[in-house]
Amino acid sequence: MERVYNFSAGPSMIDESVLQKAAAELVCYGDKGMSVLEMSHRSSMFMDIYNEALALFKELMGVPENYEVLFLQGGATLEFSAVPLNLMTGSRVADYIDSGNFAHLAAEEAKKYGTVNIAASSRAENYVRIPDLKTAKFTPNADYVYITTNNTIYGTRYIELPNTGTVPLVGDASSNILSEPIDVSRFGVIFAGTQKNMGPAGMAVLMVRKDLLGKADPLCPKVVDWTIQAKNESMINTPNTFAIYMVKLVCEWMKARGGVPAFYEYNQAKAKILYDYLDGSKLFHNPVVKEYRSLMNVTFVTGDEAKDEAFVKMCTKNGLLNIKGHRNVGGMRASIYNAMPVEGLQKLVAVMAQFEKENA
Ligand SMILES: *Cc1c(COP(=O)(O)O)cnc(C)c1O
């Protein structure tokens, strides 16, 4: 059967060559006589996979030496709790920049553990932009400042990071990790769920500056405690071995294609095809303030729900799946992560043009 172009926000497309490799290795991994799914996480055969995944990820991301990289279960959402449980233990105040639904959810979770100050928010503007950092009200002795680097649902991204001085910056990069250069050294902690740009769902990759370890709340569960996980190679319990293996395959695929710089260039070219079309369209409209447009999630509407619905149907008929927007925004959203080929964008704008002609 022919594969479709899957514009899902996550889980999302994985390159076919990566899936083929996983399929070919599934029953017997190399000469090991067993599947990755059957390997003990403590065995040397699995530790080789783990070490390769770790080294490749660090190389692609340019992770500095003074950071630990952890593979953690519970996806990005468990890190919404892990961040305060590991860091909100000094002044017990943290600053959150509310740039979208996931930032809002992270702030709501953190309120269970201390005082959350919303330093800036674009919620009242339905998150069509990144909040103004110049007028943000930061707390001088905050335990950390929290941002979401790319807003998956609203289709915006940071174009500059807040300057937080000595207060550690924490970033959720779930939807733009490995898609553009990110200077890890600007962050105390940066993490991402794996199901958008790195493989299957259920895991997060987290980078933490080593001097921020050792601060966890005594009530922090040990699987959530970064210090304990760092001391135990993310294996305080059985890790998601298959997701770690898939991260390795995705990183190998990315490296062979020129790594993050090559994907950044490709992603810019892909996004431009769609934004250029939207800017010239009389029917479709991108609601986001231009300078904050995401390269990974492109939202657009016709302004008429019946037309939106008809367009989504037409896309499905043409092998363009999951183009319906998030319920908070309506309309359409094209998630165009690293594994979405340029042909998917070309086909999408061709279908948009045809729809526009028929609905003028
Ligand atoms: C998808 C996403 C999440 C949630 O990820 P889960 O793995 O489902 O917990 C959190 N933050 C951002 C920015 C996301 O895009």
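Since this is a predicted model, take the numbers as computed values, not measurements.

A look at the packing of helix α8 (residues 305-317) against helix α9 (residues 342-358)
Piece 1. Contact geometry of α8 with α9 gives a least axis separation of 10 Å together with a crossing angle of 135°. Considered as vectors, α8 and α9 are oriented oblique to each other. The handedness of the crossing between α8 and α9 is right-handed. Contact residues: α8 offers Lys 307, Ala 310, Phe 311, Met 314 and Cys 315, while α9 offers Leu 348, Val 351, Met 352, Gln 354, Phe 355 and Glu 358.
Piece 2. Per-class residue counts for the contact of α8 with α9 are eight nonpolar, one polar and two charged.

Topic: the pattern of salt bridges
Where side chains of opposite charge bring their charged atoms close, a pairing between them can arise.
Piece 1. Under the definition given, this model contains 15 salt bridges.
Piece 2. Residue Arg 3 is joined to Glu 16 by a salt bridge in which the shortest nitrogen-to-oxygen separation is 3.7 Å. With a gap of 13 residues between them, Arg 3 in the segment before β1 (5-6) and Glu 16 in helix α1 (residues 16-25) connect regions that are remote in the sequence.
Piece 3. A relative accessible area of 40% places Arg 3 in the partly exposed class.
Piece 4. Among the residues examined, Glu 16 registers a relative accessible area of 41% and is labelled partly exposed.

Considering the packing of α1 against helix α6 (residues 241-256)
Piece 1. Contact geometry for α1 and α6: axes closest at 10 Å, N-to-C directions at 135°. One way to sum up the angle between α1 and α6 is to call them oblique. In this structure, α1 meets α6 at a crossing whose hand is right-handed. Taking contact as the criterion, the partners of Ser 17, Val 18, Leu 19, Lys 21, Ala 22 and Glu 25 in α1 are, on α6, Tyr 245, Met 246, Leu 249, Val 250, Glu 252 and Trp 253.
Piece 2. Residue composition of the contact of α1 with α6, by class: eight nonpolar, one polar and three charged.

Comments concerning the packing of aromatic side chains
Piece 1. Scanning the entire structure with this criterion turns up 12 aromatic pairs.
Piece 2. Their ring planes at 40° and their centres at 6.0 Å tell us that Phe 284 and Phe 355 sit as a pair that is tilted. Of this pair, Phe 284 sits in the loop between α7 (259-280) and β11 (297-300) while Phe 355 is found in helix α9, placing the two residues 71 residues apart along the sequence.
Piece 3. Residue Phe 284 is classed as buried on the basis of its relative accessible area of 2%.
Piece 4. By the ring-pair criterion, three or more aromatic residues cluster together here, those being Phe 284, Phe 300, Phe 311 and Phe 355.

With respect to empty space enclosed by the protein
Piece 1. As enumerated under the stated definition, the model contains two cavities of 30 Å³ or more in all.
Piece 2. Considering only enclosed or pocket space, the largest cavity measures out at about 90 Å³ in volume.
Piece 3. Lining the largest cavity are 15 residues, and of these Met 13, Ile 14, Asn 197, Val 250 and Ala 339 lie nearest its centre.
Piece 4. Mapped onto the domain boundaries, the lining of the largest cavity takes at least three residues apiece from domain 1 (5-14 + 257-359) and domain 2 (16-256).
Piece 5. Empty space within the second largest cavity amounts to approximately 40 Å³.
Piece 6. Elements with a minimum of two residues in the lining of the second largest cavity: β2 (67-73) and α3 (75-87).
Piece 7. The element that contributes the greatest number of residues to the lining of the second largest cavity is α3, accounting for three residues.
Piece 8. Across the lining of the second largest cavity, the residue classes tally to six nonpolar, one polar and one charged.

Here we look at the site of the ligand
Piece 1. Close to the ligand lie 13 residues; Thr 77, Thr 152, Asp 172, Gln 195 and Lys 196 are nearest.
Piece 2. Examining the composition of the shell around the ligand, we find that four residues originate from one element, α3, more than from any other.
Piece 3. In terms of residue class, the shell around the ligand is made up of three nonpolar, eight polar and two charged.

Some remarks on the side chain of Thr 241
Piece 1. Relative to the helices and strands, Thr 241 is located in helix α6.
Piece 2. With a relative accessible area of 12%, Thr 241 lands in the buried category.
Piece 3. What Thr 241 contacts, discounting residues up to four positions off in sequence, is Val 36, His 41 and Phe 46.

A short note on the environment of Val 145
Piece 1. Structurally, the position occupied by Val 145 is in strand β5 (residues 145-148).
Piece 2. Taking relative accessible area as the criterion, Val 145 reaches 2% and is therefore assigned buried.
Piece 3. Separated by 95 residues in the primary sequence, Val 145 and Asn 240 place their C-alpha atoms 29 Å from one another.
Piece 4. Once residues within four sequence positions are removed from consideration, Val 145 is found in contact with Asp 95, Phe 138, Thr 164, Val 167, Pro 168, Leu 169 and Val 170.

The rules behind the values
Residues numbered from 1 in each chain as written. Predicted model: local features only at pLDDT ≥ 70, side-chain atom pairs only at ≥ 80, totals over all residues. Heavy atoms only, no water. Axes fitted to C-alpha atoms, helices over the stretch in contact; angles between N-to-C directions. Helix = DSSP H or I, 4+ residues; strand = E, 2+ residues; numbered from the N terminus. Parallel < 35°, antiparallel > 145°, perpendicular 65-115°, else oblique. Left-handed = near helix turned anticlockwise from the far one by under 90°. Contact = heavy atoms within 4.5 Å. Nonpolar A, V, L, I, M, F, W, Y, C, P; charged D, E, K, R; others polar. Salt bridge = Lys/Arg side-chain N within 4 Å of Asp/Glu carboxyl O. Buried < 20%, exposed > 50% of the residue type's maximum accessible area, 1.4 Å probe, protein only. Phe/Tyr/Trp six-rings, centres within 6.5 Å; stacked < 30°, edge-to-face > 60°. 1 Å grid on protein atoms, 1.4 Å probe; cavity = no way out; pocket = protein on both sides within 12 Å on 5 of 7 lines; lining within 4 Å. Points joined across faces, edges and corners; volume = space filled by probe spheres on them. Domains from an automatic or database assignment. Near = heavy atom within 4 Å.

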